There are 2 protein chains.
Amino acid sequence: MPASPVPGEFRSGPLLLRDAALFTDLYELTMAAAFFREGRRETATFSLFARRLPDTRAFIVAAGLEDALEYVRSLRFTPDALAWLRSLGRFDAAFLDHLADLRFTGEVRAVAEGTVVFPDEPILEVTGPVIEAQLLETALLNICHLQSVLASKAARVTIAARGRAVAEFGLRRSHGSDAGLKAARCAWIAGCESTSDVLAGKTWGIPLSGTMAHSFVTAFSDELEAFRAYARAFPDTAVLLIDSYDTIEGARNAVTVARELATAGRRLTGVRLDSGDLLTLSREVRRILDQAGFPEIRILASGGLDEHDVERLLALDAPIDAFGIGTRLNVSADAPSLDLVYKLVRYGDRDVLKLSEGKETWVGSKAIYRLSGPDGRAAGDLLALADEPPPDAGEPLLETVMRGGELVRPHPALNQIRDRCAAQIGALPEGLRRLGGHDTYRVRPSEALRARQEKAVAGARAR
Amino acid sequence: MPASPVPGEFRSGPLLLRDAALFTDLYELTMAAAFFREGRRETATFSLFARRLPDTRAFIVAAGLEDALEYVRSLRFTPDALAWLRSLGRFDAAFLDHLADLRFTGEVRAVAEGTVVFPDEPILEVTGPVIEAQLLETALLNICHLQSVLASKAARVTIAARGRAVAEFGLRRSHGSDAGLKAARCAWIAGCESTSDVLAGKTWGIPLSGTMAHSFVTAFSDELEAFRAYARAFPDTAVLLIDSYDTIEGARNAVTVARELATAGRRLTGVRLDSGDLLTLSREVRRILDQAGFPEIRILASGGLDEHDVERLLALDAPIDAFGIGTRLNVSADAPSLDLVYKLVRYGDRDVLKLSEGKETWVGSKAIYRLSGPDGRAAGDLLALADEPPPDAGEPLLETVMRGGELVRPHPALNQIRDRCAAQIGALPEGLRRLGGHDTYRVRPSEALRARQEKAVAGARAR
């Protein structure tokens, strides 16, 4: 079990958020106050799921569960937070006293991090007294959204790279410190080989990679001098950035340094291309390196790339050994958000739903069963009620991870999550792995779910 | 002056990052190690600017300076960080000893937060010993990028809203905790009226707003009962969400509650529409409210809106009094990244630049002068060298904010930044305020800058 959290502080690796119970939308507190005033203490179930997917996503890699559960464990209103809430004049003393004693006492069911999920399938479900469960909405969405966005995008990149190494190095344009750290974590989960983010390396043991910036090259009076200086410092691990002035000249300078290193019994690891026509340049640079007798020097490519660039370059057999992917991965440029929601699906002994146009949701606490085809690939999911008997076949994906506000088991190790993600993506039908024009996966509601839904819709309309 | 930071800890409001010196790309450390080994201690100037703008941005609202300077002040390698770096086996003891004593001792020049800037114009410039200045790259980019992305997007939303109130409420889909907090701060800078983010309210005193979620409505046996319960808790500030089942019925239920409140001498503040055809629904709901004698009840609209939706609805005179803008603002959906870079522009007594295809940058430490036209609007900028005489006219935008590693003055208050931003946006030519098909602003390099650039290009090519 992880150490008990400091009350009111949410820790995520080296990042610490004080007064984390206030990391929420005001309406969570106003609703809680109204529930409290009305004496509402019923057990509620909220389901966190994607309503639909962006056009460029065939699936979601669920991530963020570890942080989500740590947030739940941290939920406390500190005296300082309460004093400030009191100062707003919006909340009465009885409600604030209630908040002072509030902890999460309920249950969380979730899919394991690294699991592939589809629209309408819960990433997690929270069941507990309505005020407690409601207050968790904003933070749980923020946490699961960020990491699921990033892991889902990174999965596209590693699928496109077809086994070539991908280094995540977009920290500089990630949306802040939390997103920067999580990009490294989620890229690792989804199969990237390394990150440039030193703090992520320290926090999670993710392998680090890094080369040099143009500033290093331009700080020296000429490129060759810069390369030699770098090779003196890192005679066995240097990757030289060769496009500061002219990429072909840069490749020749790299060869000079490679020969000097070889004479000393060391070796140049690689060169990096960061601009220009990467297909043509990678071919010319490969030829220069090979002709000089250095077939083992690797070529890394970078420069605003995304999964489509990677796919195109590899389809044309560009001799690129590894890709550095930054900004477009780290902000999930084509789909920076997912339509994740946290919806009340059961209240007391009653199924609930809203009928808002285009936003109708399935009622009840769910189970997900993943069916396998004869090829061992995923062949469709059954979305069922948690309390109906399981089907004859199908792997259940939701499990209880918190009971009575306590973790049921320690968090899985990050490599275990990475392995799960690889297995999940490996089991996807080919049609879901296509970057463009992907197939749609079949998620079928069970008969019992349909029946309960129809009853609830009729009930809601009658109101 | 703000309190001295705890060495090695970067604080931003309630968020605390430990070992913040490691919040960097590995290559900053490997370059620093190579500079160190070579005895390179020259003074370097790095410029942080946008190379170009996304198609949907006519300008950038520079933001993040306060955090950037606090990061610089926090720069320390803790014993724990150094021990971990040692364990990597990549860095020698002399370099790690150098890091142990490293602080930033140089100068920072910057534009004030809330200033509008254009491509090639430095948001900030760092001048100091090359290792210190290089090590700041990743974090300064991460910080200034996030906040400039968010403030620039928020400015589009408030321009579109033409004085109508905009509430930022996208915390749930911001990219993590840092981005969530900064979205509230940047939206406030750029003219939004409130945030839903309670912790941002506590941290910066930004006004809070919030209504209710569908979960609240669906937790009650019918909508009217839910509305009454909420109104009992908040008899003077309630905004009722009326689209859970049927918006028109919801409006009628809101009228019922408004009458009951009026009888008790209280008043209903507003209703919120969150789905469906907002133009038609807002008109019908306005008519229902007016006919019932409640012209003062405000209509709030939300539901996946962005600045184009706001512009379209207001162009059609939709009777909407305020907008709640979430996800698309908080992730800057149309332009989630800016091409911000941190480039070495001067090293020792030499101007430097790279020639990489499509990535050439201006040399030297800069000044920016903003010229005003006869209408008082911004009429073009002069991008000059910091050491050339200023022009006869034009407001200088870059000022020294840190000297010898110390703040030159306290950070400006947030409201001062907001006022500056309003003035800056107010001074933009109309053609830059158009959401689509905007004009391009003229940034002219000075003669002296051109001459120095040509000389540097010739020098670089000669190498």
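Within each chain, residues carry numbers counting from 1 in the order of the written sequence. Chains carry letters and ligands carry numbers; both start at the beginning, A for chains and 1 for ligands, and go up in the order they are written. Since the coordinates come from a predicted model, pLDDT governs what is reported: local features require at least 70, and pairs of side-chain atoms require 80 or more to be given and counted, while whole-chain, interface and lining totals use all residues.

## A few points about the overall build of chain A
Piece 1. Looking only at helices and strands, one finds 17 helices and 21 strands in chain A.
Piece 2. Viewed in the frame of its principal axes, chain A has a C-alpha envelope of about 80 × 55 × 40 Å.
Piece 3. The exposure label follows from counting other C-beta atoms within 10 Å of a residue's C-beta, where the C-beta atoms are placed from the backbone and the thresholds are 20 or more for buried and 12 or fewer for exposed, leaving partly exposed in between. Within chain A, buried positions represent 58% of all 463 residues.
Piece 4. Throughout, a residue-residue contact means that the two C-beta atoms, derived from backbone geometry, are no farther apart than 7 Å. Counting contacts in chain A only where the partners sit at least 6 residues apart, residues at least 24 apart contribute 72% of the total. Helix numbering and strand numbering both begin at the N terminus, where a helix is a DSSP run of H or I of at least 4 residues and a strand a DSSP run of E of at least 2.

## Let's talk about the pairing of strand S14 (residues 340–347) of chain A
All names here are of chain A.
Piece 1. In terms of residue burial, S14 counts as a mostly covered element, since eight of its eight residues are buried.
Piece 2. Pairing between strands is defined by DSSP: at least two bridges between the two strands are required. When strand S3 (residues 43–50) meets S14, the two strands line up antiparallel, connected through seven bridges. In the strand pairing of S14, alanine 44 is matched with tyrosine 347.
Piece 3. With two bridges connecting them, S14 and strand S15 (residues 350–351) associate as antiparallel partners. By the bridge assignment for S15, arginine 346 is matched with aspartate 351.
Piece 4. Counted between consecutive antiparallel strands, the loop separating S14 from S15 contains two residues, among which glycine 348 sits at a positive phi close to 60 degrees.

## A closer look at helix H6 (residues 137–161) of chain A
Piece 1. Residue count minus one, scaled by 1.5 Å, sets the expected span of a helix. Here H6 of chain A spans 36 Å end to end across 25 residues, near enough to the 36 Å set by a 1.5 Å rise per residue.
Piece 2. Positive backbone phi, at 45 degrees, marks arginine 162 of chain A, one or two positions downstream of H6 of chain A.

## Describing the domain arrangement of chain A
Piece 1. Marked domain ranges trace back to an automatic or database domain assignment. Partitioning chain A into domains gives domain 1 (10–150 + 335–462) and domain 2 (211–301).
Piece 2. For domain 1 of chain A versus domain 2 of chain A, the distance between C-alpha centres works out to 48 Å.

## Notes on the environment of leucine 241 of chain A
Residues and elements named next belong to chain A.
Piece 1. Secondary-structure assignment places leucine 241 in strand S10 (residues 239–241).
Piece 2. In this structure leucine 241 comes out as buried when scored by C-beta crowding, with 28 C-beta atoms within 10 Å.
Piece 3. As a C-alpha pair, leucine 241 and histidine 214 span 27 residues in sequence and 7.2 Å in three-dimensional space.
Piece 4. With near-sequence residues (within four places) excluded, leucine 241 lies in contact with Thr211, Met212, His214, Val217, Arg272 and Asp274.

## Examining the sheet that holds strand S13 (residues 322–325) of chain B
Residue and element names in this part refer to chain B.
Piece 1. Pairing is parallel in the open sheet, where six strands are placed in the order S9-S8-S13-S12-S11-S10. Where the open sheet ends on each side, the last strands, each with one partner, are strand S9 (194–195) and strand S10 (239–241).
Piece 2. Bridge count between strand S8 (residues 165–168) and S13: four bridges; the pairing is parallel. Each bridged residue has a counterpart across the sheet, and for valine 166 the counterpart in S13 is phenylalanine 323.

## Section: the interface of chain A and chain B
Piece 1. Each partner contributes residues to the interface: chain A has 87 residues there, and chain B has 87 residues.
Piece 2. A per-element tally of the side of chain A that touches chain B places helix H1 (residues 26–37) of chain A first, with eight residues.
Piece 3. Judged from the three bridges that link them, strand S2 (residues 15–17) of chain A and strand S2 (residues 15–17) of chain B form a sheet pairing that is antiparallel. If you follow leucine 17 of chain A over to S2 of chain B, its bridge partner there is leucine 15 of chain B.

## A few points about the sheet that holds strand S1 (residues 10–12) of chain B
Piece 1. Reading across the sheet, the four strands line up as S1(A)-S2(A)-S2(B)-S1(B) and stay open at both edges, with antiparallel pairing between neighbours. Only two strands of the sheet have a single neighbouring strand rather than two, namely strand S1 (10–12) of chain A together with S1 of chain B. Across this sheet, the average inter-strand angle for adjacent strands is 15 degrees, counted without regard to direction.
Piece 2. Bridge count between S1 of chain A and S2 of chain A: three bridges; the pairing is antiparallel. Within the sheet, the bridge partner assigned to arginine 11 of chain A lies in S2 of chain A and is leucine 16 of chain A. The axes used here are C-alpha line fits, helices contributing only the stretch in contact, and every angle between their N-to-C directions lies in the interval 0 to 180 degrees.

## Regarding the relation of the copies chain A and chain B
Piece 1. The superposition of copies rests on a least-squares fit of C-alpha positions from residues with pLDDT of 70 or more in both. With an RMSD of 0.0 Å, the fit of chain A onto chain B corresponds to turning through 180 degrees and sliding 0.0 Å along the axis. Taken together, the rotation angle and the small translation identify this as a two-fold axis. Of the C-alpha atoms belonging to chain A, the one lying closest to the rotation axis is found on leucine 16 of chain A, 2.6 Å away.

## Let's talk about unusual backbone geometry
Residue and element names in this part refer to chain B.
Piece 1. The residue aspartate 120 is not glycine, and still its phi comes out positive at about 75 degrees.
Piece 2. Tracing the backbone shows aspartate 120 in the loop between strand S6 (116–117) and strand S7 (124–129).
Piece 3. A tally of 18 C-beta atoms within 10 Å means that aspartate 120 is categorised as partly exposed.
Piece 4. Located in the positive-phi region is arginine 162, a residue other than glycine, with phi close to 45 degrees.
Piece 5. Along the chain, the position of arginine 162 falls in the loop between helix H6 (137–161) and S8.

## Let's talk about helix H1 (residues 26–37) of chain B
Piece 1. The end-to-end C-alpha distance of H1 of chain B is 17 Å, a good match for the 16 Å that twelve residues give at a rise of 1.5 Å each.
Piece 2. Among the residues making up H1 of chain B, those that are buried are Leu26, Tyr27, Glu28, Leu29, Thr30, Met31, Ala32, Ala33, Ala34, Phe35 and Phe36 of chain B.
Piece 3. Where the residues of H1 of chain B are buried, they touch helix H8 (198–204), helix H9 (214–219) and helix H10 (223–233) of chain A together with helix H4 (93–101), helix H5 (130–135) and H6 of chain B.
Piece 4. One or two residues past the end of H1 of chain B sits glycine 39 of chain B, with phi positive at roughly 70 degrees.

## Comments concerning the nonpolar core
Grouped burial of nonpolar side chains is what soluble globular proteins tend to show.
Piece 1. Nonpolar cores are identified as sets of buried Ala, Val, Leu, Ile, Met, Phe, Trp, Tyr and Cys residues joined via C-beta atoms within 7 Å. Membership of the largest hydrophobic core comes to 326 residues, with the highest contact counts inside it found for Tyr230 of chain A together with Tyr230 of chain B.
Piece 2. When near neighbours in sequence (up to four residues on either side) are disregarded, tyrosine 230 of chain B contacts Ala34 of chain A together with Met212, Phe216, Ala238 and Leu240 of chain B.

## Some points on the packing of helix H2 (residues 65–74) of chain A against H6 of chain A
All names here are of chain A.
Piece 1. Put simply, H2 and H6 touch, their axes get as near as 8 Å, and they point 160 degrees apart. In terms of orientation, H2 lies roughly antiparallel with respect to H6. In this structure, H2 meets H6 at a crossing whose hand is right-handed. Residues Asp67, Ala68 and Tyr71 of H2 form the contact with H6, whose participating residues are Ala139, Leu140, Ile143 and Cys144.
Piece 2. Three residue categories are used. Nonpolar comprises Ala, Val, Leu, Ile, Met, Phe, Trp, Tyr, Cys and Pro, charged comprises Asp, Glu, Lys and Arg, and polar comprises the others, including Gly. For the contact of H2 with H6, the class distribution of residues is six nonpolar, no polar and one charged. In these notes the angle categories are as follows: under 35 degrees is roughly parallel, over 145 is roughly antiparallel, 65 to 115 is roughly perpendicular, and the rest is oblique. Each crossing is labelled by how the near helix is turned from the far one, with a counterclockwise turn of less than a right angle marking it left-handed and a clockwise turn marking it right-handed.

## Points about the environment of valine 457 of chain B
Residue and element names in this part refer to chain B.
Piece 1. Structurally, valine 457 can be placed in helix H17 (residues 447–462).
Piece 2. When the 15 C-beta atoms within 10 Å are taken as the criterion, valine 457 is described as partly exposed.
Piece 3. Between the C-alpha atoms of valine 457 and glutamate 360, which are 97 residues apart in sequence, the distance is 9.4 Å.

## What about the pairing of strand S19 (residues 399–403) of chain B?
Residue and element names in this part refer to chain B.
Piece 1. Of the pairings in the sheet, the one linking strand S5 (residues 107–110) to S19 comprises three bridges and is antiparallel in character. Residue pairing in the sheet places valine 108 in a bridge with methionine 402 of S19.
Piece 2. As defined by bridge partners, S19 adjoins strand S20 (residues 406–407) across two bridges and the pair is classed as antiparallel. Among the inter-strand pairings, arginine 403 is bridged to a residue of S20, identified as glutamate 406.
Piece 3. Linking S19 back to S20 in an antiparallel pair, the connection comprises two residues, with glycine 404 at a positive phi of about 55 degrees.

## A word on the environment of glycine 326 of chain A
Residue and element names in this part refer to chain A.
Piece 1. Relative to the helices and strands, glycine 326 is located in the loop between strand S13 (322–325) and helix H14 (327–330).
Piece 2. Glycine 326 sits in the buried class, given 24 other C-beta atoms within 10 Å.
Piece 3. Sequence separation between glycine 326 and alanine 183 is 143 residues, and the spatial gap between their C-alpha atoms is 9.8 Å.
Piece 4. Residue contacts for glycine 326: discarding those within four places in its chain leaves Phe169, Gly170, Arg173 and Ser302.

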